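# Inside the fold
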Amino acid sequence: MRVKPIALVTAANKGIGLQIARDLATHGLTVLVGSRKLEHAETAAKSIGADARAVQLDVTKQASIAAAAKRIRNEFGRLDVLVNNAGTSDAGKQGISHAASLDEGRAVFETNVFGVVAVTQAMLRLLGEAPAARIASVDPSSPQRALFGPVYSPSETALDAPTLAFAIEFEDAGADAACSGFTSTNLNEFEGTLTAERAA
C-alpha cells in the first residue's frame, strides 16, 4: 500500500497557510496544520478534510517545536514537506522608522527569521527519513518602495540568508523560498492585492 507523503505547514489555520494546506491535501498529501492555538488548528483541519491533522506549534517556543517534532516522529516516522509559513508584521508602520521600537523588531525577527531556523532544524531528521524531502519558506515581502517598512521588510530580507544556507546544504533534498506576493491577509490588514488562493 502506498503511504501518503506527510507535509507540515506552519501557521496553516488561516490565510496563505490554510490555502497551501488545502492545496497539498488536494494533491494527495497528509497535511499537518500547524497553529499556535490547537483549537484554531483543529478548526482549520476540519475545513480541509480527512487528510488534515491539527498540530499545536508556536515557532517562537522551543518546547512547542520539539513536541511537534516528537509527535510527527511517533505518528508518521518522517516528514516529506516542510512549509515555513508563520510570520508576523509591523503592519501600519511602513515608512515610519522612528515608530518601530527595538522590542517590536525583535518580536518580528523572532517569528519570521529565528522561527524558520528553529523549526527547520528540529525537522531535519524527520525530513532525512523521506525519499524526496522538500523545504519551502514563504516570503511575501515586496521590493516596492511604498510597501517597504522598517521592521517586517528587513525581517523578510534576513530570512533569505538562512533559506539560502539550507538550500546550499541540502541541495539534493530541495530547500527554497516561495514568494507569495502582496496577498490580502491579516498580516497586512487585508490591504494586499492578491487572494490567498492565487498566492498559494
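Below you will find a few notes about this structure. (Residues numbered from 1 in each chain as written. Predicted model: local features only at pLDDT ≥ 70, side-chain atom pairs only at ≥ 80, totals over all residues. Heavy atoms only, no water.)

### A closer look at the environment of leucine 82
Filter applied, for reference: Strands are runs of DSSP state E lasting at least 2 residues, helices are runs of H or I lasting at least 4, and numbering of each runs from the N terminus. What makes two residues a contact is simply this: any of their non-hydrogen atoms within 4.5 Å.
Checked against the element boundaries, leucine 82 lands in strand 4 (residues 81-84). Contact partners of leucine 82, with chain neighbours within four places excluded, come to Leu8, Val119, Thr120, Met123, Leu127, Arg134, Ile135 and Ala136.

### As for the packing of helix 3 (residues 62-75) against helix 4 (residues 102-128)
What counts is decided by this rule: In this analysis an axis means a line fitted to C-alpha atoms, helices contributing only their contacting stretch, and an angle means the value between N-to-C directions, from 0 to 180 degrees. Geometric relationships in this document are graded by angle, where less than 35 degrees denotes roughly parallel, more than 145 denotes roughly antiparallel, 65 to 115 denotes roughly perpendicular, and other angles denote oblique. Crossings are assigned a handedness: left-handed for a near helix turned anticlockwise from the far helix by less than a right angle, right-handed for a clockwise turn. Residue classes follow a fixed rule: Ala, Val, Leu, Ile, Met, Phe, Trp, Tyr, Cys and Pro count as nonpolar, while Asp, Glu, Lys and Arg count as charged, and any other residue, Gly among them, counts as polar.
At a closest axis distance of 10 Å, the pairing of helix 3 and helix 4 adopts a crossing angle of 20°. By the angle between their directions, the pair helix 3 and helix 4 is classed as roughly parallel. You can see that helix 3 and helix 4 cross each other, and the crossing is right-handed. Contact residues: helix 3 offers Gln62, Ile65, Ala68, Ala69, Ile72 and Arg73, while helix 4 offers Ala118, Val119, Ala122, Met123, Arg125 and Leu126. When its residues are assigned to classes, the contact of helix 3 with helix 4 shows nine nonpolar, one polar and two charged.

### With respect to helix 3
Selection rule: By this rule the span expected of a helix is its residue count minus one, scaled by 1.5 Å.
If you check helix 3, its first and last C-alpha atoms are 20 Å apart, about what 14 residues at 1.5 Å a residue would give, namely 20 Å. Just downstream of helix 3, glycine 77 is the residue with a positive phi angle, here 80°.

### Structural notes on the side chain of asparagine 84
Our working rule: Definition of a polar contact: a pair of N or O atoms within 3.5 Å, with one able to donate and the other able to accept a hydrogen when the atoms are protein atoms, and with sequence-neighbouring residues admitted only if both atoms are side-chain atoms.
Position of asparagine 84 relative to the elements: it lies in strand 4. Engagement of the side chain of asparagine 84 in a polar contact is seen with the side chain of threonine 120, the distance being 3.0 Å. Leave out the neighbours within four places in its chain, and asparagine 84 touches Thr10, Val116, Val119, Thr120, Ile135, Ala136, Ser137 and Val138.

### Topic: helix 5 (residues 152-169)
Turn by turn, an α-helix covers 3.6 residues, leaving residues three or four places apart pointing in a common direction. Quick note on the threshold: To sort residues, take the accessible area from a 1.4 Å probe on protein chains only and compare it with the maximum for the residue type: under 20% means buried, over 50% means exposed, and anything in between is partly exposed. The arc under discussion is defined with respect to the helix axis, by the directions toward the C-beta atoms.
Here helix 5 spans 26 Å end to end across 18 residues, near enough to the 26 Å set by a 1.5 Å rise per residue. All of the buried residues along helix 5 are Tyr152, Ser153, Ser155, Glu156, Leu159, Pro162, Thr163, Phe166 and Ala167. All buried residues of helix 5 fall inside an arc of 165° around its axis, so they share one side. Exposed and facing more than 90 degrees away from the buried side of helix 5 are Ala161, Leu164, Ile168 and Glu169.

### Thoughts on the packing of helix 1 (residues 15-26) against helix 2 (residues 38-48)
Close contact between helix 1 and helix 2 brings their axes to 10 Å; oriented N to C, the two are set at 40°. When the axis of helix 1 is compared with that of helix 2, the two are oblique. Relative to helix 2, helix 1 is oriented so that their crossing is right-handed. On helix 2, the residues that touch Leu18, Ala21, Arg22 and Ala25 of helix 1 are Ala44, Ser47 and Ile48. For the contact of helix 1 with helix 2, the per-class residue count stands at five nonpolar, one polar and one charged.

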